[in-house]
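Per-entry structural report
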Amino acid sequence: MPTLLFGILLFQAPYTVGVDVFSASVRGSLLILIFIGTFAVPSLLIYYLFRSGYVQSLYLNTLADRRLPYFLTAAIYTGVTVFFGFRMELVSDIAPQIAILLGSVTVSILLVGIISLYWQISAHSVGIGGVVGTLAGMAIQHSTIELVPTLAAIIAIAGLVLSARLHLNAHTTGQTTAGLLLGLLVSLSAVLWMV
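Because the structure is a prediction, the values reported are computed rather than measured.

**Thoughts on the overall build of the protein chain**
Along the backbone of the protein chain there are eight helices and zero strands. Relative to a compact globule of 195 residues, whose C-alpha radius of gyration would be 16 Å, the protein chain shows 16 Å and is just as compact. When its C-alpha atoms are laid out on the principal axes, the protein chain stretches across 45 × 35 × 25 Å. Per-residue burial over the protein chain gives 46% buried out of 195 residues. Expressed as a percentage of contacts within the protein chain between residues at least 6 apart in sequence, the contacts between residues at least 24 apart total 71%. Surface summary for the protein chain: the accessible area is close to 9600 Å², and the carbon and sulfur share equals 71%.

**Structural notes on the packing of helix 1 (residues 2–12) against helix 6 (residues 123–141)**
It is at 10 Å that the axes of helix 1 and helix 6 come closest, and there the two elements cross at 20°. Relative to helix 6, the element helix 1 is oriented roughly parallel. At the point where helix 1 passes helix 6, the crossing takes the right-handed sense. Packed against helix 1, whose contacting residues are Leu5, Ile8 and Leu9, the element helix 6 presents Val131, Thr134, Leu135 and Met138 at the interface.

**So, the layout of surface pockets**
If you add up the space inside the largest pocket, you get close to 1200 Å³. If you go around the largest pocket, you meet 41 residues; those closest to its centre are Met1, Tyr70, Tyr77, Ala123 and His124. Mapped by element, the contributors of at least two residues to the lining of the largest pocket are helix 1, helix 2 (24–51), helix 3 (63–87), helix 5 (96–115), helix 6 and helix 8 (173–193). In the lining of the largest pocket, the residues fall into 23 nonpolar, 16 polar and two charged.

**Notes on a nonpolar patch on the surface**
Residues Ile32, Phe35, Ile36, Phe39 and Val41 make up a contiguous nonpolar surface patch of about 440 Å² in total accessible area. Its location among the elements puts Ile32 in helix 2.

**Points about the packing of aromatic side chains**
In the structure shown here, the tally under the stated rule is two aromatic pairs. Each ring, one from Phe83 and one from Phe84, has its centre 5.5 Å from the other, and the planes form 90°; the classification is edge-to-face. Assessed through its relative accessible area of 35%, Phe83 is described here as partly exposed.

**Focus on helix 1**
Those residues of helix 1 not exposed but buried are Pro2, Leu5, Phe6, Gly7, Ile8, Leu9 and Leu10. Those residues of helix 1 that are buried are in contact with helix 2, helix 3, helix 5, helix 6 and helix 7 (148–167).

**Considerations on the confidence of the model for the protein chain**
Here the protein chain shows a mean pLDDT of 93. Residues at 70 or above account for 97%. Looking at the elements of the protein chain, mean pLDDT is at its lowest for helix 4 (residues 89–92), recorded as 68, and at its highest for helix 7, recorded as 97.

**Some details on helix 3**
Between its first and last C-alpha, helix 3 extends 35 Å over 25 residues, near the 36 Å set by a 1.5 Å rise per residue. Within helix 3 the residues assigned to the buried category are Asp65, Arg66, Pro69, Tyr70, Thr73, Ala74, Tyr77, Val80, Thr81 and Phe84.

**Comments concerning the nonpolar core**
One finds Phe84, Ile98 and Leu135 to be the most contacted residues of the largest nonpolar core, which totals 34 residues. Among the secondary structure elements, those contributing two or more residues to this core are helix 1, helix 2, helix 3, helix 5, helix 6 and helix 7. Broken down by element, this core gets its largest block of residues, six residues, from helix 6. Counting residues in hydrophobic clusters, the runner-up holds six residues, among them Tyr70, Ile121, Leu182 and Val186.

**Quick look at unusual backbone geometry**
Residues other than glycine predominantly adopt negative phi, and peptide bonds predominantly adopt the trans conformation. We note that Leu60 has phi near 50°; this positive angle belongs to a residue other than glycine. Examined against the element boundaries, Leu60 turns out to sit in the loop between helix 2 and helix 3. Although it is not a glycine, Asn169 sits at a positive phi angle of roughly 55°. Take Asn169: it is sitting in the loop between helix 7 and helix 8. Owing to a relative accessible area of 68%, Asn169 belongs among the exposed residues under this scheme.

Analysis parameters
Residues numbered from 1 in each chain as written. Predicted model: local features only at pLDDT ≥ 70, side-chain atom pairs only at ≥ 80, totals over all residues. Heavy atoms only, no water. Helix = DSSP H or I, 4+ residues; strand = E, 2+ residues; numbered from the N terminus. Rg over C-alpha atoms; globule rule 2.2 N^0.38 Å. Buried < 20%, exposed > 50% of the residue type's maximum accessible area, 1.4 Å probe, protein only. Contact = heavy atoms within 4.5 Å. Areas by Shrake-Rupley, 256 points an atom, 1.4 Å probe, with all protein chains shown as cover. Axes fitted to C-alpha atoms, helices over the stretch in contact; angles between N-to-C directions. Parallel < 35°, antiparallel > 145°, perpendicular 65-115°, else oblique. Left-handed = near helix turned anticlockwise from the far one by under 90°. 1 Å grid on protein atoms, 1.4 Å probe; cavity = no way out; pocket = protein on both sides within 12 Å on 5 of 7 lines; lining within 4 Å. Points joined across faces, edges and corners; volume = space filled by probe spheres on them. Nonpolar A, V, L, I, M, F, W, Y, C, P; charged D, E, K, R; others polar. Patch = residues over 30% accessible without salt bridge, like charges linked within 9 Å, V, L, I, M, F, W, Y side chains within 5 Å. Salt bridge = Lys/Arg side-chain N within 4 Å of Asp/Glu carboxyl O. Phe/Tyr/Trp six-rings, centres within 6.5 Å; stacked < 30°, edge-to-face > 60°. pLDDT = per-residue confidence, 0-100. Expected span 1.5 Å × (residues − 1). Core = buried A, V, L, I, M, F, W, Y, C linked by side-chain atoms within 4.5 Å.

As structure tokens, this is what we get:
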């Protein structure tokens, strides 16, 4: 989800995250770094945990399987956030919004990990809720209509994601709703904090 979100922001509305001064190739490089840090490394880590027997399924169906991967993923995301916020002078001096948004994703994953100690909230719903909340917040904050068609499409995708989780009996209505609300609230809070 972070790659999808930043792909939209970096290329459709780069001014929302302060990178409109960068060329498309620099923005593409930023997106590749985000992809590596928020998808490739966590995916390889979860695969390693599966192969090592720390988790029983790559689907992370049980609460026991979810705990360690989510907390380790939150640690990786914290590193990526710190990298973009403090170590990458190219971005952190010009576009601190990237680090703030990555921080909100990190907080969301950490909250999913904490909630998963007791209850199986839908991480898929949290992720898509975060994308919806960020895009809605950016569209409102920047008074832009450029993001509205994309936001409408993402809302439709959110409906499909939640429906799929329910259809697969992977979650209850409460778990998907709570996930969507958590993602929305954390991301909207981050966007409002950037004002």
